[in-house]
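Listed below, chain by chain, are the residues.
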Amino acid sequence: MKFHEVFSDLRKKAGLSQNDVAEKLFLTRQAVSRWEQGGTVPEPETLVALSKLFGVSVNTLLGSPRTLVCQSCGMPLEDGILARETDGSFNEKYCKWCWAGGAFTQECTLEEMVEICLPHMPLAKADPDACRTYMRKLLPTLERWNPA
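Computed from a predicted model, the values in this text were never measured in an experiment. (Residues numbered from 1 in each chain as written. Predicted model: local features only at pLDDT ≥ 70, side-chain atom pairs only at ≥ 80, totals over all residues. Heavy atoms only, no water.)

Draft legend 1. Focus on the pattern of salt bridges. Using the criterion set out here, one finds 6 salt bridges in the structure. With a shortest N-O distance of 3.4 Å, Asp 87 and Lys 52 are connected by a salt bridge. In this pair, Asp 87 sits in the loop between β1 (82-84) and β2 (90-95) while Lys 52 sits in helix α4 (residues 44-54), placing the two residues 35 residues apart along the sequence. Residues Glu 143 and Lys 93 are paired through a salt bridge, measuring 2.8 Å at the closest nitrogen-oxygen approach. You can see Glu 143 sitting in the segment after α7 (128-138) and its partner Lys 93 sitting in strand β2, a full 50 residues away along the chain. Taking relative accessible area as the criterion, Glu 143 reaches 33% and is therefore assigned partly exposed. Take Lys 93: its relative accessible area is 40%, and that puts it in the partly exposed class. Salt bridges here are not isolated pairs; linked through shared partners, they connect Glu 115, Asp 129 and Arg 132. (Salt bridge = Lys/Arg side-chain N within 4 Å of Asp/Glu carboxyl O. Helix = DSSP H or I, 4+ residues; strand = E, 2+ residues; numbered from the N terminus. Buried < 20%, exposed > 50% of the residue type's maximum accessible area, 1.4 Å probe, protein only.)

Draft legend 2. Fine view of α4. All buried positions along α4 are accounted for by Thr 46, Leu 47, Leu 50, Ser 51 and Phe 54. Projection of α4 onto a plane perpendicular to its axis shows the buried side chains occupying an angular sector of 150°, all on one side. Where α4 is buried, its residues meet α1 (3-13), α2 (18-25), α3 (29-37), α5 (58-61) and β2. Trailing α4 by a residue or two, Gly 55 shows a phi angle of about 70°, which is positive. (Arc of directions from axis to C-beta. Contact = heavy atoms within 4.5 Å.)

Draft legend 3. Structural view of the nonpolar core. Counting residues in each nonpolar core, the largest one holds 25 residues, and the members touching the most others are Cys 70, Cys 73, Leu 77, Met 113, Met 135 and Leu 139. Among the secondary structure elements, those contributing two or more residues to this core are β1, β2, α6 (110-117) and α7. Excluding residues within four positions of it along the chain, Cys 70 makes contact with Met 75, Leu 77, Lys 93, Tyr 94, Cys 95, Cys 98 and Leu 142. Residues Val 21, Phe 54, Val 58 and Leu 61 belong to the second largest nonpolar core, which totals 16 residues. (Core = buried A, V, L, I, M, F, W, Y, C linked by side-chain atoms within 4.5 Å.)

Draft legend 4. Quick peek at the side chain of Glu 92. Residue position: Glu 92 is located in strand β2. In terms of polar contacts, Glu 92 uses its side chain to reach the backbone amide nitrogen of Val 58, at 2.7 Å. Residues in contact with Glu 92, not counting those within four places in the same chain, are Ser 57, Val 58, Asn 59, Arg 66, Leu 68, Leu 77 and Leu 82. (Polar contact = N/O pair within 3.5 Å; in protein donor to acceptor, adjacent residues only side chain to side chain.)

Draft legend 5. Just the environment of Thr 86, in detail. Along the chain, the position of Thr 86 falls in the loop between β1 and β2. Thr 86 sits in the exposed class, given a relative accessible area of 70%. Put simply, Thr 86 and Ala 100 are 14 residues apart on the chain and 7.7 Å apart in space, counted from C-alpha to C-alpha. Beyond its immediate chain neighbours, meaning those up to four positions away, Thr 86 contacts Gly 101 and Gly 102.

Below, the structure is given as C-alpha cells:
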C-alpha cells in the first residue's frame, strides 16, 4: 500500500476527520487532504507525529517499504514488538526486548547474545549448533555489534 492509502485507513479507523488530524498536528486541512489524495507525503517530522498519533511505525505509515530487523538480536520487526523511546515514539532499529527507555535492556557480549537468542529460535532444539553458527554470522552485521 502507498502512504495515502495507509493514512486514509488509519484516519478513518481512528474516527478522525481530516480537520481533526490537521488540528492535532497544527496544519491546514488542505495539507491533510493532499496527503490523502496522494498529492504529497508529509515531511519527516510530521511522519513521526503521525506515527505517535496513530500508534504505528513510520515504516507502516509509508506502506512498509523496508523489512525491519532488530539491530541487536536480528529478530524481524513489526509494530507490535518495536522498541519505544522515553517519549513514547517508536525506535525502528530495535525490538522491545533489546531496547527500552533509551538504552539497551541488557549489557552483554556478542556471544552472550547468541545464547540469549537461541531458546527463541524454532530450530534450536533440533540443531542448536547450526543456530549458534547462524547467529555468530548474523550478529556482527547488525548495528549494535558493528557500529559504523
